[in-house]
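# Examining the three-dimensional arrangement
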Amino acid sequence: MSDQGTPVTAQAPDPPPGPALRPVRGVARCAVAALALAAVAWAVRAIWHVRLAMAGQPASGPPDQGGGQHRPLTALEDSYHQVSSVGGAVTLLCALAFLLWLDRVRDNARALSDTEPRYGSPWLLLGWIIPVVNLWIPRGIVADAHRSVFPDRRLPAVVNWWWALWLAGLAGGVGLVYADSTDEVIARAYTGVLPLLAADVVIVAAAGTAALMIRTLTTAQQERMDETAPAGRPGNAS
């Protein structure tokens, strides 16, 4: 009751703020740069596959002689080991950068749509490494992050192109390359290089398409963030 006898109406408390939007352009640039490095690494690897095939297998046979015996490596084979090691490190860096971008886009999609993601946080990693489900869950996470914000839009075609190329790379021998030791890959280059080269080309193409996908989805999400976030809110930062 006020001094004049007029009842005071209590104001309802302000609703709690929603999840904060986080800048996405920076992590997108890092992911694109990492994909470019990965593409270069795979292209260099393909060049060494060709060099090994052209050099031909030494008379002493493959590096892995069987029974735990390994002959001394040639200079070309030793350099391939170095190329493979650098490529593996770059690929790991690329994977971390991609997952960081995907986690950021997914969190922003939750804030913008006020809906929970279809796949929980553990699937950001497990979806890539568990057999069988890794054939669709990673794409599903990407598609869900975009569709939750833009339910009235068709999924950009570049998402399907990226995933089709990635699966083609796996089917073409990339999984076998990682399963085999480096010496076994060298032996494959000597005896049948074409499957290795085909997988190399497809993975380079998949990296390029993934970079285009990141740019496409990031641009769309950032535009929506700029539309909905007031000036000075973190979502407006680049």
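The structure presented is a predicted model; accordingly, all values stated were derived computationally and were not measured. (Residues numbered from 1 in each chain as written. Predicted model: local features only at pLDDT ≥ 70, side-chain atom pairs only at ≥ 80, totals over all residues. Heavy atoms only, no water.)

## Some remarks on the nonpolar core
With 42 residues, the main nonpolar core has Trp-101, Val-159, Trp-162, Met-213 and Ile-214 as its most contacted residues. Where this core is concerned, the elements lending two or more residues are α1 (25-55), α2 (75-113), α4 (137-149), α5 (157-179) and α7 (193-228). The leading source of residues in this core is α2, at nine residues. Core analysis: the second largest hydrophobic core is formed by 13 residues, Leu-52, Tyr-80, Ala-189 and Val-193 among them. (Core = buried A, V, L, I, M, F, W, Y, C linked by side-chain atoms within 4.5 Å. Buried < 20%, exposed > 50% of the residue type's maximum accessible area, 1.4 Å probe, protein only. Helix = DSSP H or I, 4+ residues; strand = E, 2+ residues; numbered from the N terminus.)

## Here we look at α4
With 13 residues, α4 should cover 18 Å at 1.5 Å per step; its first-to-last C-alpha distance of 19 Å lies within 8% of that length. All buried positions along α4 are accounted for by Ile-137, Pro-138, Gly-140, Ile-141, Val-142, Ala-143, Ala-145, His-146 and Val-149. (Expected span 1.5 Å × (residues − 1).)

## Let's talk about the packing of aromatic side chains
Overall, the coordinates contain seven aromatic pairs when judged by the stated rule. Ring centres 5.8 Å apart and planes at 35 degrees place the aromatic pair Phe-98 and Trp-162 in the tilted group. Taken as a pair, Phe-98 in helix α2 and Trp-162 in helix α5 lie far apart in primary sequence, 64 residues in all. Here Trp-162 falls in the buried class, since its relative accessible area comes to 4%. Plain terms: the ring middles of Trp-162 and Trp-163 are 5.1 Å apart, the flat faces sit at 55 degrees to each other, and that makes the pair tilted. (Phe/Tyr/Trp six-rings, centres within 6.5 Å; stacked < 30°, edge-to-face > 60°.)

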